[in-house]
Amino acid sequence: MANQPHSSLTLPLDRDVVDKDFGSPFGLFGRRKIKLMARRKLIVTTKALEESQLQPASLDLRLSKEAYRVRASFLPGRSRTVKEHLSTLNPEPISLAGDGAVLEKGIVYIARIAEHLALLPSISGAANPKSSTGRLDIFTRLIVNRAEAFDEVPLGYRGDLWLEISPRSFSVRVREGSKLNQIRFRNRNSQQMERLKFALSDDELRRSHALSPLVDRDLEVRDGLVLRVALSGSAKDAIGYRAIKNGNVIDVDRPGGYAAEDFWEPIRARADGRLILDPDEFYILASREKMQIPADLAAEMAPIDPAIGEFRVHYAGFFDPGFGQGANGRPAARAVLEVRSRDVPFLLEDGQPVGRLIFERLADAADELYGAGATSNYQHQGLKLSKHFHS
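What counts and how
The residue numbering used here restarts from 1 in each chain and proceeds along that chain's sequence as written. Confidence filtering applies because this is a predicted model: local features only for residues at pLDDT of at least 70, side-chain atom pairs given and counted only at 80 or more, and all residues used for totals across whole chains, interfaces and linings. Derived side-chain values reflect all non-hydrogen atoms in the structure, with water molecules and hydrogen atoms excluded from consideration. To qualify as a nonpolar core, a set must consist of buried Ala, Val, Leu, Ile, Met, Phe, Trp, Tyr and Cys residues joined through side-chain atoms within 4.5 Å. Accessible area is worked out with a 1.4 Å probe on protein chains only. A residue is then buried under 20% of its type maximum, exposed over 50%, and partly exposed in between. Every residue pair with non-hydrogen atoms within 4.5 Å of one another is taken to be in contact. Two aromatic rings, drawn from Phe, Tyr or Trp (for Trp, its six-membered ring), form a pair once their centres lie within 6.5 Å of each other, and the interplanar angle then sorts them: stacked below 30 degrees, edge-to-face above 60, tilted otherwise. Labels follow the DSSP assignment, with helices taken as runs of H or I lasting at least four residues and strands as runs of E lasting at least two, numbered in each case from the N terminus. Two strands qualify as a pair provided that DSSP identifies no fewer than 2 bridges between them. Each direction from the helix axis to a C-beta atom contributes to the arc, which is the arc of those directions. His residues and chain termini do not enter the charge count, which takes Lys and Arg as positive and Asp and Glu as negative. Here a salt bridge means any side-chain nitrogen of Lys or Arg lying within 4 Å of a carboxyl oxygen belonging to Asp or Glu. Here a polar contact is taken to be a pair of N or O atoms separated by no more than 3.5 Å, where protein atoms must pair a possible hydrogen donor with a possible acceptor and residues adjacent in sequence count only if both atoms sit in side chains.

Chemist: Quick question: what am I supposed to make of the nonpolar core here?
Modeler: For soluble globular proteins, the rule of thumb is that nonpolar side chains tend to be buried together. Counting 56 residues, the largest nonpolar core has Phe185 and Trp264 as the members making the most contacts within it. In this structure Trp264 touches Arg135, Phe170, Tyr241, Arg242, Ala243, Ile244, Phe282, Ile284, Leu385 and Phe389, once residues within four positions along its chain are discounted. Counting residues in hydrophobic clusters, the runner-up holds 34 residues, among them Leu205, Tyr283, Met301 and Val339.

Chemist: Please explain the packing of aromatic side chains as it appears in this structure.
Modeler: For any pair of aromatic rings, geometry is given as the distance between the ring centres together with the angle between the planes. For the coordinates displayed, the defined rule picks out ten aromatic pairs. Aromatic pair Phe170 and Phe263: ring centres 5.6 Å apart, planes at 85 degrees, arrangement edge-to-face. Here Phe170 is found in the loop between strand E13 (161-167) and strand E14 (172-174), whereas its partner Phe263 is found in the loop between strand E19 (258-259) and strand E20 (264-268), with 93 residues between them in sequence. Of the two residues examined, Phe170 and Phe263, each falls in the buried class. Following the ring pairs from residue to residue traces out a cluster consisting of Phe170, Tyr258, Phe263, Trp264, Phe282 and Phe389.

Chemist: Help me out: how do you make sense of unusual backbone geometry in this one?
Modeler: Trans peptide bonds make up the majority, and among non-glycine residues the majority have a negative phi. Residue Asp137 is not a glycine yet carries a positive backbone phi of 60 degrees. With respect to the secondary-structure elements, Asp137 resides in the loop between helix H4 (131-135) and strand E10 (138-144). Using a relative accessible area of 2% as the deciding quantity, one classes Asp137 as buried. Phi at Arg146 is positive, roughly 60 degrees, even though this residue is not glycine. Here Arg146 lies in the loop between E10 and strand E11 (152-153).

Chemist: I keep staring at the sheet that holds E14 and nothing clicks. Help me out?
Modeler: The strands that make up a sheet pair up through hydrogen bonds in the backbone, lying either parallel or antiparallel. If you walk across this open sheet you meet the three strands as E6-E14-E18, and the pairing is mixed. The sheet is open, and its two edges are formed by strand E6 (101-103) and strand E18 (250-251), each paired on a single side. Sheet topology places E14 next to E18; two bridges connect them, and they run parallel. Residue pairing in the sheet places Val172 in a bridge with Ile250 of E18.

Chemist: What is the right way to look at helix H5 (residues 202-211) in this model?
Modeler: Side chains of residues three or four places apart in an α-helix project in the same direction, reflecting 3.6 residues per turn. Buried within H5 we find Asp202, Leu205, Ser208 and His209. Along the axis of H5, the buried residues cluster in a sector spanning 115 degrees; they form a single face. The exposed set on the far side of H5, more than 90 degrees from its buried face, consists of Arg207, Ala210 and Leu211. For H5, the secondary structure elements touched by its buried residues are strand E16 (225-228), strand E23 (297-302) and strand E28 (353-361).

Chemist: I keep staring at the side chain of Asp151 and nothing clicks. Help me out?
Modeler: Tracing the chain through its elements places Asp151 in the loop between E10 and E11. Although Asp151 is buried, it makes no salt bridge; Arg141 carries the closest opposite charge, 6.2 Å away. Among the polar contacts made by the side chain of Asp151, one reaches the main-chain amide nitrogen of Leu142 at a distance of 2.7 Å.

Okay, here's the thing in C-alpha cells:
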C-alpha cells in the first residue's frame, strides 16, 4: 500500500515524464537537481521553496503549523502512518502559526514538515539536524510513514514528513517556517537499487587527499576520516563551552540575538590537556584538525567506535561540498563537536579520537559550493557557538 501525503496536496501521476529529467548517475543530488525535483513535484509544497532552503547538496525542511506534545518518542512501524500512531498516544495539539510556541526542554514533540515527497523509485532520502540545531542541543529526528528507522526515507517514498523535536539544554521558540533539519537525496541506477552503503572507502579517501588535502595534517582513516578533539592551549584560551542550565528561551529564528555569557560557560585549557565530561551536561568542543570538503563530495559525522568511551557526539554535522575550503586551497575549518557524556563522568584528553567523517560522491557537479551563499554561517569556523549568539 503506498504512503499517502496530506490530503490538501495533489501529487503527480505521470512518473515517466519525470524520469527523463533525471539521469542514471549514482550519488547525492546537488542543488540544481533538488530544484528540479521541486519543479517536477517530487518535492511538494503549498508554499514555494525559499532560496535559503537550498544548500549545495541538501534541502532545509520547514515546520508546518501542526505540532503535538507527546509522552514518548516512537516509530510507526510497517503497518501505520505517523498520524495513525499519534492518535494512540493522546497527543496534545500545539499550533506553530503566527508567533509559534515554546517547546520546553525535556519534552518530546512531533511536528509535521511543510514539504512532502513523491519520489521516483530510484531516489531515497536521508536526514539530519542542521548545524545550528545541534549546537543548541535540540534533538531532532525525521519520521516517515510506516518507518522502522529514523532519518531514512525509502526509495520511491510518497507521503508526509514529520519531525521529532526534543530540546535538551534550552527551551526554544519555533514557528511555522522554522528550519531545524535538512534532507539530502540519493539517486541509484538500475544496478544499485539494493545498495545500502554509500561511503567512500579508505583507499578512495587517500586518493582524494592526495589530489586535494581533506585535513591540514597527515590523513588518518578508519572506515572514514578520523577526527580528534582539541583541548590544548594557553590557560586563557577557551577550548570549549558548557551549557548553563535554566537559561532563557531561545528563538531559533533570531540569529545574533543572544549574549553568549547568558547561556554558556567557557572552558579554559588545562596544562594537562584534559577535560572531564560530567553526566547530563552538554559541551561544545572542536576538532584538532582543520578540514575541507572537495567540490565533488559531501560528508557526515559518525561515531568513531562505541567501544572507546562513554560519551556521545550529537552528530548534527552534515558537510556540504565546499565547506572549509580556504583561499589557498588548504583546509580552513574545524569540525564543531556537540558532546554529552552518557551515564558516568568521562575523561577526554587532547588528541583523543571522537568521530569520523564519512564521505559520499555527488551524482553530478555542484552548481554552488558552501561559502558562496548568504546562509553559509560556519564556513571558516574554529570553536564556534551557533549563529544565535554574540560575544
